[in-house]
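Chain by chain, the residues:
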Amino acid sequence: MSNSLLTVNNLTIESRSGEPLLKGINMEIGRGEMAALIGESGSGKSLTARAILGILPDEMKVNGQILYKGRDLLKLSENEHRLLLGKEIGIIFQDYRGSFTPYIKIGQQMIETIRTHQRISKKAAKEAALLVLRETGLESERVYNSYPFQLSGGQVQRAAISMTLALRPNMLICDEVTTALDLMNGEKVLKYIDKARRETDCAVMMITHDLAQAYKWSDRMHVMYQGAIVEDGPTEQIRFHHQHPYTRKLCSSLLSLPKERKASSAEGVYSI
Amino acid sequence: MSILVVDNLSKQYSKNLQALKQLSFSLEQGESLGVVGESGSGKSTLARILIGLESYQEGAITFQESPIAPKKRAPLRAYRKNVQMIFQDAASALNPKLPIWKSLLEPLKNYSEFTPSFIEVDGLSDKDIAEKLLGLVGLDSNLADRYPGELSGGQKQRVNIARAISLEPSLLICDEPTASLDVTVQVQILTLLKELQQQLNITILFISHDIRAVTFLCERIIVLKEGSMVDQFELDDLYKSRRNSYTKALLDAASL
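Residues numbered from 1 in each chain as written. Chains lettered and ligands numbered in written order. Predicted model: local features only at pLDDT ≥ 70, side-chain atom pairs only at ≥ 80, totals over all residues. Heavy atoms only, no water.

- As recorded in an unreviewed UniProt entry, chain B goes by the name ABC transporter ATP-binding protein, listed as coming from Guptibacillus hwajinpoensis.

Next comes the structure, spelled out in structure tokens:
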């Protein structure tokens with residue numbers, strides 16, 4: 001891939017007792033690409049993300065390479081890594097309540113975050129914060145002046161995303177960001193992430209166990225099973241022409257809506 | 001014949017929080033009815049009222065033609081034998097300190113005057129009965145001696161289903177029974193519920209925010225929004241243009 005942003009080469013992680021947790025992961029994510037990392041609980045999705053972010057527990061043994069813009073993240077000092085996080089690689093977690101300190105207003109926290117990474121005045125940071133909040137479709141002034149508990153889950157999650165995107169990262173890791181949200185709020189959040197990555201060419205690594213979501217939003221899918229990527233490829237290919245037995249099992253477990261049932265039987269006819 | 005009739009049901013938690021607003025619907029014997037809605041729509045409140053865990057202020061609930069009192073601790077012994085529930089959190093529904101076979105047998109011990117039809121011969125030991133129950137939900141009989149902590153989420157939910165059907169209830173209320181399970185396991189649990197419903201002729205009230213799961217299991221669907229029922233239809237009419245705009249929005253969000 002010529003426009004590769006992140007390349008993971010043969011990444012392995014062992015627990016302290018020597019148990020293999022990740023078994024030689026290879027992955028490439030291009031600029032502006034939406035890549036889905038899909039698999040069941042315990043398959044190693046979040047562990048992969050944590051390795052990229054450099055937030056694994058010390059006792060885990062990590063081997064391999066994680067090249068971000070050509071630099072091996074595993075060889076960076078703690079300080080170099082810290083500078084990268086947020087500014088270059090943003091992260092949004094499943095538990096949106098943990099994204100903000102409960103007793104500080106959202107706006108205050110956004111200013112603090114922005115000014116940690118950019119040397120700008122408070123006033124400029126406030127404007128930047130209000131702008132990204134507005135872009136997420138939130139009532140910017142109200143959210144800016146609210147405490148996290150005064151907002152709904154979907155609003156807090158969108159505020160967390162806008163805070164992450166305010167730093168204009170080149171890569172965004174979304175770890176099950178919609179799991180704690182309603183279907184409709186989840187869709188809003190994903191729509192916004194998709195819009196943002198198209199506008200800023202930011203790559204997105206979307207960790208999810210939701211197959212429908214991966215089909216709908218990703219360009220490429222990486223299917224994880226028991227610490228390994230068993231299959232990867234363009235989303236259409238994984239959806240309709242998967243090879244690996246686990247992918248087959250996973251894909252067949254998506255319950256179809258009545259309309260899709262008719263559509264998929266038609267697809268069956270074409271494929272014969 | 002309607003097995004359950006809910007008429008004008010309202011539930012107020014506090015001055016500003018009305019969880020259910022004049023809800024009316026009925027459930028026919030042997031059917032599976034899906035209740036769809038977002039968080040806060042009143043789905044779980046409805047389930048908890050129907051099982052007698054919550055009181056209600058207005059309206060009436062009639063089960064098999066007898067009224068169900070609005071008070072929480074009303075005498076519900078006979079009712080509860082006939083109405084069983086499966087919760088979202090499979091783990092907290094099982095006592096972690098009891099082996100599976102003991103948890104499984106609790107309902108039958110409480111209703112010792114009742115003999116379910118799957119006990120065909122006399123003189124079965126408790127363990128034998130527990131193993132029969134495990135077989136009904138596709139679990140291996142050697143799980144009987146295990147503890148909940150040793151089972152996967154899907155296995156635990158199967159145990160809960162086995163326990164719920166042990167009294168051969170006429171109505172099974174399922175409140176998001178698959179929401180915390182992996183997708184591959186979700187399908188297995190839904191398939192199990194579907195099979196059990198057909199085999200045992202149980203009526204199912206299936207509560208979920210997952211419209212895909214609901215269309216898999218249910219022939220009829222009601223849609224709740226902020227405590228009110230905004231739509232009600234047969235599965236075949238899901239895509240009809242007369243559907244409520246909120247139903248359409250839900251469907252649109254779920255579609256690929």
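## Regarding helix α4 (residues 122-135) of chain A
Every α-helical turn comprises 3.6 residues, leaving residues that sit three or four positions apart pointing alike.
All names here are of chain A.
Move 1: The first and last C-alpha atoms of α4 sit 20 Å apart over 14 residues, in line with the 20 Å expected at 1.5 Å per residue.
Move 2: Three or more residues of α4 are buried, namely Ala-125, Ala-129, Leu-130, Val-132 and Leu-133. Viewed end-on, α4 has its buried residues packed into an arc of 165 degrees, placing them on one side of the element. Set apart from the buried face of α4 by more than 90 degrees, the exposed residues are Lys-123, Glu-127 and Arg-134. (Helix = DSSP H or I, 4+ residues; strand = E, 2+ residues; numbered from the N terminus. Expected span 1.5 Å × (residues − 1). Buried < 20%, exposed > 50% of the residue type's maximum accessible area, 1.4 Å probe, protein only. Arc of directions from axis to C-beta.)

## Side note on the interface of chain A and chain B
Move 1: Each partner contributes residues to the interface: chain A has 23 residues there, and chain B has 25 residues.
Move 2: For chain A, the biggest contributors to the area lost against chain B are Met-184, Leu-255 and Leu-257 of chain A; these three give 30% of the whole.
Move 3: Viewed at the interface, chain B and chain A are joined by one salt bridge.
Move 4: Counting the contacts that link chain A with chain B gives eight residue pairs in polar contact (both at pLDDT 80 or more).
Move 5: At the level of secondary structure, the elements contributing two or more residues to the side of chain A that touches chain B comprise α7 (183-200), α8 (211-217), α10 (245-252) and α11 (258-271) of chain A.
Move 6: Residue classes in the side of chain A that touches chain B are distributed as nine nonpolar, five polar and nine charged. (Contact = heavy atoms within 4.5 Å. Buried area = accessible area lost by both parts, 1.4 Å probe. Salt bridge = Lys/Arg side-chain N within 4 Å of Asp/Glu carboxyl O. Polar contact = N/O pair within 3.5 Å; in protein donor to acceptor, adjacent residues only side chain to side chain. Nonpolar A, V, L, I, M, F, W, Y, C, P; charged D, E, K, R; others polar.)

## A short note on the sheet that holds strand β9 (residues 220-225) of chain B
Residue and element names in this part refer to chain B.
Move 1: Pairing in this open sheet of six strands is mixed, and the strands run β6-β7-β8-β3-β9-β10 from one edge to the other. Looking at which strands have only one partner, the edges of the open sheet turn out to be β6 (83-86) and β10 (228-234). When the angles between neighbouring strand axes are averaged without regard to direction, this sheet yields 15 degrees.
Move 2: Where helix α5 (residues 153-165) meets the sheet, its contacts fall on β6 and β7 (171-175), and the angle it forms with β6 comes to roughly 175 degrees. (Pairing = 2+ DSSP bridges. Axes fitted to C-alpha atoms, helices over the stretch in contact; angles between N-to-C directions.)

## Quick word on the packing of α7 of chain A against helix α8 (residues 245-254) of chain B
Move 1: Two elements in contact, α7 of chain A and α8 of chain B, have axes separated by 9 Å at closest approach and are oriented at 55 degrees. By the angle between their directions, the pair α7 of chain A and α8 of chain B is classed as oblique. Two packed elements cross with a definite hand, and for α7 of chain A against α8 of chain B that hand is left-handed. For the pair α7 of chain A and α8 of chain B, contact is made by Leu-183, Met-184 and Glu-187 of chain A and by Tyr-246, Ala-249, Leu-250, Ala-253 and Ala-254 of chain B, respectively.
Move 2: Of the residues in the contact of α7 of chain A with α8 of chain B, the class split is seven nonpolar, no polar and one charged. (Parallel < 35°, antiparallel > 145°, perpendicular 65-115°, else oblique. Left-handed = near helix turned anticlockwise from the far one by under 90°.)

## Considerations on the sheet that holds strand β4 (residues 58-63) of chain B
Residue and element names in this part refer to chain B.
Move 1: Strands sit in the order β2-β1-β4-β5 across an open sheet of four strands; the sheet is antiparallel. Since the sheet does not close on itself, it has two edges, and those belong to β2 (17-28) and β5 (66-68), each with one partner. Within the sheet, the average angular offset between the axes of one strand and its neighbour, ignoring direction, is 25 degrees.
Move 2: Direction of pairing for β4 relative to β5: antiparallel, over a ladder of three bridges. Pairing of Thr-62 across the sheet is with Pro-67, part of β5.

## Side note on the pattern of salt bridges
Pairs can form between side chains of opposite charge once their charged atoms are near each other.
Move 1: Per the stated rule, a full pass over the model turns up 22 salt bridges over all chains.
Move 2: Notably, a salt bridge pairs Asp-237 of chain B with Arg-242 of chain B, separated by 3.5 Å at the nearest N-O pair.
Move 3: Judged by its relative accessible area of 56%, Arg-242 of chain B is exposed.
Move 4: Residues participating in the shared-partner salt-bridge network are Asp-194, Arg-197, Arg-198 and Asp-219 of chain A.

## Some details on unusual backbone geometry
All names here are of chain A.
Move 1: Notably, Lys-69 is not glycine yet its phi reads approximately 50 degrees, a positive angle.
Move 2: Mapped onto the elements of the fold, Lys-69 is located in the loop between β4 (61-68) and β5 (71-72).
Move 3: Lys-69 gets classed as partly exposed once you look at its relative accessible area, which sits at 37%.
Move 4: Despite not being glycine, Asp-201 shows a phi value in the positive range, around 60 degrees.
Move 5: The class for Asp-201 is partly exposed, based on a relative accessible area of 43%.

## Some words on the nonpolar core
Move 1: With 55 residues, the main nonpolar core has Leu-104, Leu-134, Val-159, Ile-161, Leu-172, Leu-193 and Phe-206 of chain B as its most contacted residues.
Move 2: A total of six residues in this core trace back to one element, the largest contributor, which is helix α6 (residues 183-200) of chain B.
Move 3: Not counting chain neighbours up to four residues away, the residues in contact with Leu-134 of chain B comprise Ile-100, Leu-104, Leu-139, Asp-140, Ser-141, Leu-143, Ala-144 and Val-159 of chain B.
Move 4: Formed by 50 residues, the second largest nonpolar core is a distinct cluster that contains Tyr-96, Val-132, Leu-133 and Leu-167 of chain A. (Core = buried A, V, L, I, M, F, W, Y, C linked by side-chain atoms within 4.5 Å.)

## Let's talk about the side chain of Arg-243 of chain B
All names here are of chain B.
Move 1: Topologically, Arg-243 is positioned in the loop between β10 and α8.
Move 2: According to the relative accessible area criterion, Arg-243 is buried, its value standing at 7%.
Move 3: Within the structure, Arg-243 has its side chain in polar contact with the backbone oxygen of Asp-237 (distance 2.8 Å).

## Examining α6 of chain B
Residue and element names in this part refer to chain B.
Move 1: Along its 18 residues, α6 runs 26 Å from first to last C-alpha, staying within 8% of the 26 Å computed at 1.5 Å per residue.
Move 2: When α6 is considered as a whole, its buried residues turn out to be Val-183, Thr-184, Gln-186, Val-187, Ile-189, Leu-190, Leu-192, Leu-193, Leu-196 and Gln-197.
Move 3: The positive-phi residue at the C-terminal boundary of α6 is Asn-201, with phi of around 55 degrees.

## Considerations on the pairing of β2 of chain B
Residues and elements named next belong to chain B.
Move 1: Where strand β1 (residues 2-14) lies against β2, eight bridges are found, and the strand directions are antiparallel. Considered in β2, the bridge of Val-6 is made with Phe-25.
Move 2: In sequence, β1 turns back onto β2 through a hairpin of two residues.

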